[in-house]
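Here is what each chain is made of, one letter per residue.
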Amino acid sequence: QVQLVESGGGLVQPGGSLRLSCAVSPPFFTFTHMAWYRQAPGKERELVADLQRGYITKYVNSVKGRFTISRDNNKNTVYLQMNSLKPEDTAVYYCHAPRNDGPDYWGQGTQVTVSS
């Protein structure tokens, strides 16, 4: 059974940084397209960053220049480096891998809280 296992969330002050990780299990199962979404309280889930074929990236406007999505193929892990964090970045962040042959894969979510 394929799982996306997230880690790296937490509490950080405004202006701080966090790096989220999403490890694919089992490690021999790979995806060419992965993404990070987030959902803040009372809001809809939104796409934050998208990575296809290891180098095609897309970001929501509000995080451009601050967040970077990347992957380590040796570790079969996707990362979201988040810099210059703002209170409005507070949300539960989810790792996502779309499928063509069934329901998409989602991680369990990791909480990111930006507060002083």
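Here's a quick rundown of the structure.

What counts and how
- Residues numbered from 1 in each chain as written.
- Predicted model: local features only at pLDDT ≥ 70, side-chain atom pairs only at ≥ 80, totals over all residues.
- Heavy atoms only, no water.
- Pairing = 2+ DSSP bridges.
- Helix = DSSP H or I, 4+ residues; strand = E, 2+ residues; numbered from the N terminus.
- Axes fitted to C-alpha atoms, helices over the stretch in contact; angles between N-to-C directions.
- Buried < 20%, exposed > 50% of the residue type's maximum accessible area, 1.4 Å probe, protein only.
- Lys, Arg positive; Asp, Glu negative; His and termini not counted.
- Salt bridge = Lys/Arg side-chain N within 4 Å of Asp/Glu carboxyl O.
- Polar contact = N/O pair within 3.5 Å; in protein donor to acceptor, adjacent residues only side chain to side chain.
- Disulfide = S-S within 2.5 Å.

**Details of the sheet that holds strand S3 (residues 18-25)**
- On the basis of which strands lie adjacent, the open sheet formed by four strands has the order S1-S3-S8-S7 and antiparallel pairing. Unpaired on one side and paired on the other, strand S1 (3-7) and strand S7 (67-72) mark the two borders of the sheet. Neighbour to neighbour, the strand axes of the sheet diverge by 20 degrees on average, direction disregarded.
- The sheet contact formed by S3 and strand S8 (residues 77-82) spans six bridges and is antiparallel. Bridged to Arg19 within S8 is Gln81.

**Quick look at the side chain of Arg71**
- Secondary-structure assignment places Arg71 in strand S7.
- Buried within the structure, Arg71 lacks any salt-bridge partner; Asp72 is the closest side chain of opposite charge, at an N-O distance of 8.0 Å.
- There is a polar contact of 2.7 Å between the side chain of Arg71 and the backbone oxygen of Phe31.
- Within the structure, the side chain of Arg71 is placed 2.9 Å from the side chain of Asn73, a separation counted as a polar contact.

**Details of the state of the cysteines**
- Overall, the coordinates contain one disulfide when judged by the stated rule.
- The residue that forms a disulfide with Cys22 is Cys95, at a sulfur-sulfur distance of 2.0 Å. Residues Cys22 and Cys95 are joined through a disulfide that is left-handed, its torsion about the S-S bond being -80 degrees. Of the two residues, Cys22 is situated in strand S3 and Cys95 in strand S9 (residues 91-97); the sequence distance between them amounts to 73 residues.

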